[in-house]
Amino acid sequence: MKAKNNAAIYWTLLVHEQWHMHIAATSKGLCYVGSQNKPYEELSHWVKSRFPNSVMVQDDEKLQPYAAELIEYFQGKRKTFSVTFDFYGTSFQLAVWNALCEIPYGQTQSYSDIANHIQKPAAVRAVGAAIGANPVLITVPCHRVIGKNGALTGYRGGLEMKTQLLQLECESSLIEGSPLHA
C-alpha cells in the first residue's frame, strides 16, 4: 500500500558490529528497517514503490534516535521500542503488525497464533503475507513468528538474520534467567 504524502524520506546505513542495514524515516517516524547486509537498492526500491513522489535524503543525525534504539536492542539492552512509527498498510496488515508488537521479547508465536489473536483463524496464509510485508523489521518483531511445528519459516531479512535475532533474544533472556519460550 502506498503512502499518501510526498515528503522526504530520510535514511542512513546503521552499522553495529556484524549488523549492517539501511533504516529510513519520514518526519513522522520510522518507516523502514532493512535486511541485514543488503544493498542500498533494497531501500530505494521499497521507497519508490511505497512513496513514489518522495525525495530520499541521507541524514545520519535525523536517524540517530532510531539507530540508537536498534543498537541497544543488538546489545541486549532493549526489549521494546519507544520510537514513533510511520508505516502504511491495509487494516488487516496493521492488525497483524500490531499483534506482532504484542509478542514478548524472547518468545515466539506461530502464524496460527497470530491469526487467532486478530480473530481471523482461517486467515493463516494472509497473516503470512502481511508479516512478509512488514516494513520495519526488528522493531515490529516478525522474526518472532515461526511455523506451527516450531520450524523457522520465511523472513524478509532471510533465515540467517531471523536465526541471529532469535538467538540474541534467547541469550539475553538466559542472562536474565528466563529462557526463550516457543
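Parameters and conventions
- Residues numbered from 1 in each chain as written.
- Predicted model: local features only at pLDDT ≥ 70, side-chain atom pairs only at ≥ 80, totals over all residues.
- Heavy atoms only, no water.
- Core = buried A, V, L, I, M, F, W, Y, C linked by side-chain atoms within 4.5 Å.
- Buried < 20%, exposed > 50% of the residue type's maximum accessible area, 1.4 Å probe, protein only.
- Helix = DSSP H or I, 4+ residues; strand = E, 2+ residues; numbered from the N terminus.
- Contact = heavy atoms within 4.5 Å.
- UniProt positions renumbered as here; feature names shortened; annotations may be inferred.
- Phe/Tyr/Trp six-rings, centres within 6.5 Å; stacked < 30°, edge-to-face > 60°.

(A) Region of interest: the nonpolar core. Core analysis: the largest hydrophobic core is formed by 40 residues, its most contacted members being Met 21, Ile 23, Val 33, Phe 74, Val 96, Leu 100 and Ile 138. Put simply, the parts of the chain that give this core at least two residues each are strand 1 (9-16), strand 2 (19-25), strand 3 (30-33), helix 2 (60-74), helix 3 (91-101), helix 4 (111-117), helix 5 (124-132) and helix 6 (159-175). In terms of residue count, helix 2 provides more of this core than any other element does, six residues in total. Once residues within four sequence positions are removed from consideration, Val 33 is found in contact with Met 21, His 22, Ile 23, Leu 70, Pro 135, Val 136, Leu 137, Ile 138, Thr 139 and Arg 156. In terms of nonpolar packing, the next biggest core, distinct from the first, is built from nine residues, Ala 24, Leu 43, Trp 46 and Phe 51 among them.

(B) Up close: the UniProt feature "domain: Methylguanine DNA methyltransferase ribonuclease-like" (unreviewed entry) in the chain. Mapped onto the present numbering, the UniProt feature "domain: Methylguanine DNA methyltransferase ribonuclease-like" (unreviewed entry) falls on residues 9-87. Its end C-alpha atoms 12 Å apart, residues 9-87 is made of 33% helix and 28% strand.

(C) Highlighting the packing of aromatic side chains. Counted by the stated rule, this structure contains ten aromatic pairs. For the pair Tyr 32 and Trp 46, a centre-to-centre distance of 4.8 Å together with 40° between the ring planes defines the contact as tilted. With Tyr 32 in strand 3 and Trp 46 in helix 1 (residues 40-50), this pair connects stretches of sequence that are 14 residues apart. Relative accessible area serves as the criterion here: at 11%, Trp 46 is assigned to the buried category. Seen from their ring centres, Tyr 73 and Phe 74 are 5.8 Å apart, and the 65° between their planes marks the pair as edge-to-face. Judged by its relative accessible area of 0%, Tyr 73 falls in the buried class. Overall, the relative accessible area of 7% leaves Phe 74 in the buried class.

(D) Region of interest: unusual backbone geometry. Phi angles above zero are rare outside glycine, and Asn 37 is one such case at about 60°. Within the fold, Asn 37 resides in the loop between strand 3 and helix 1.

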